[in-house]
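# Notes for the structure review
Chain by chain, the residues run as shown.
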Amino acid sequence: MKEEKRNIPEVRFREFAGDNADAWELRKLGGIGKVKSGVGFPNSEQGGKTGIPFFKVSDMNRLGNENELINADNYVTEEQVEHKKWKVIDEVPAIIFAKVGAAIMLNRKRIAKYKFLMDNNVMAYSFSNCWDTYFGKSLFETIFLPKYAQVGALPSYNSSDIESINVRLPGLQEQEKIGTFFKHLDELITLHQRELDNLKVLKKTLLSKMFPKNDEKYPEIRFSGFTDAWELRKLGGIGKVKSGVGFPNSEQGGKTGIPFFKVSDMNRLGNENELINADNYVTEEQVEHKKWKVIDEVPAIIFAKVGAAIMLNRKRIAKYKFLMDNNVMAYSFSNCWDTYFGKSLFETIFLPKYAQVGALPSYNSSDIESINVRLPGLQEQEKIGTFFKHLDELITLHQRELDDLKVLKKTLLSKMFV
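## Let's talk about the sheet that holds strand S15 (residues 316–318)
- In space, the four strands of this open sheet follow the order S11-S17-S14-S15, with antiparallel pairing throughout. In this open sheet, the two edge strands, each paired with only one partner strand, are strand S11 (239–243) and S15. Shown here is a sheet whose adjacent strand axes are inclined to one another by a mean of 30°, direction ignored.
- Relative to strand S17 (residues 328–333), strand S14 (residues 300–304) runs antiparallel, the two sharing five bridges.

## Structural notes on a negative patch on the surface
- On the surface, a cluster of negative charge is made up of Glu195, Glu401, Asp403 and Asp404.
- Of the residues forming the negative patch, the biggest block, three residues, is contributed by helix H9 (residues 378–416).
- Looking at the secondary structure, you find Asp403 in helix H9.

## A closer look at the environment of Ser224
- Relative to the helices and strands, Ser224 resides in the loop between helix H5 (172–210) and strand S10 (231–234).
- When its relative accessible area of 70% is taken as the criterion, Ser224 is described as exposed.
- Note: C-alpha distance between Ser224 and Glu380 (156 residues apart in sequence) is 9.7 Å.

## A look at the environment of Gln379
- Here Gln379 is to be found in helix H9.
- Judged by its relative accessible area of 61%, Gln379 is exposed.
- Through-space distance from the C-alpha of Gln379 to that of Phe226 is 9.1 Å; in sequence the pair is 153 residues apart.

## Things to note about the packing of H5 against H9
- At their nearest, the axes of H5 and H9 sit 10 Å apart, and the two run at 160° to each other. Taken together, the axes of H5 and H9 are roughly antiparallel relative to one another. The handedness of the crossing between H5 and H9 is left-handed.
- Grouping the amino acids of the contact of H5 with H9 by side-chain chemistry returns 24 nonpolar, four polar and eight charged.

About the criteria used
- Residues numbered from 1 in each chain as written.
- Predicted model: local features only at pLDDT ≥ 70, side-chain atom pairs only at ≥ 80, totals over all residues.
- Heavy atoms only, no water.
- Pairing = 2+ DSSP bridges.
- Helix = DSSP H or I, 4+ residues; strand = E, 2+ residues; numbered from the N terminus.
- Axes fitted to C-alpha atoms, helices over the stretch in contact; angles between N-to-C directions.
- Patch = residues over 30% accessible without salt bridge, like charges linked within 9 Å, V, L, I, M, F, W, Y side chains within 5 Å.
- Areas by Shrake-Rupley, 256 points an atom, 1.4 Å probe, with all protein chains shown as cover.
- Salt bridge = Lys/Arg side-chain N within 4 Å of Asp/Glu carboxyl O.
- Lys, Arg positive; Asp, Glu negative; His and termini not counted.
- Charge placed at Lys NZ, Arg CZ, Asp CG, Glu CD.
- Buried < 20%, exposed > 50% of the residue type's maximum accessible area, 1.4 Å probe, protein only.
- Parallel < 35°, antiparallel > 145°, perpendicular 65-115°, else oblique.
- Left-handed = near helix turned anticlockwise from the far one by under 90°.
- Nonpolar A, V, L, I, M, F, W, Y, C, P; charged D, E, K, R; others polar.

Here's what the structure looks like:
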């Protein structure tokens, strides 16, 4: 019974399920396909824009190549192929993946449906006629290839590493059903990823144009009705920097009370723009006993104060009183700020360039308070702040939808394959 269960996936399309359902057949990859390795690709031969695609690992990053390699940075002519005596790979479709180095650990796979060449940092597995293409791609996504790599200064695969892998296959009709399902799911994920990427590019562009550059007094793009120059101010003159306090393990774990923020709270679901929940809360009794000073000058912008987290340059709004540990810093807005304008303005500042250099980069209060910024009047701030608040909410919505789809795919891969 246990052996039989291992031969049948947990979730199956109805027409292939039931008491008389066929078990998936155990096969070695080398018996139902063939591994191909790439060849050297001299710089002098690169740069072509038409002909046969010559794929490199970097081609997996190209727009449009999220699932299938449909374009390349380099193409070569039939004359080049003949002159260099390259063997074009025409046993397609094939799955392409990194063969050597750190790129192996990304465990990415792409389909190639038309004849191609590839350099020697890439490897391909050509499907025989017992595979449905998109089923094959999905099955490969259930395999963590790096565990089959040869260990050394640079991890790499031999053909035998891949061809010796055991897999289980159903009949072609069931493969086609599964392959079509995951093809559509991949297309949906790609669509959401592109929409998200486009929104992030739009936001970055608008931040650069709706806030004055360098020593300029006026932004490039402005809402109608506003013409005054933006006023030059130091952050320390229009707000105040706060630092966190020690937070012993013995005081942590509370679920109600005053939030006690750490850098990790920026990663919590719901906290993409504003810190609305925390891993830890503390009571008024703890505050009094530890003599902590609650930060009630809100709203404030919170960001990492020390270490590698500084380089992520993330900022979050805190709108209600809080505490924070000593890896975090906050900037409390005075009443001359609109909150969401302030958050957007902080996103135009690359704070790490103001850090103290050392074994662990860090900020002093004076590092932040000495930064020069330009502010318009409150009415214009509110207009800009509302605009970017809505744009942030749209980006967050797409990010969550994308994350949900990726979790769904991961779950279904685990349940629809043996």
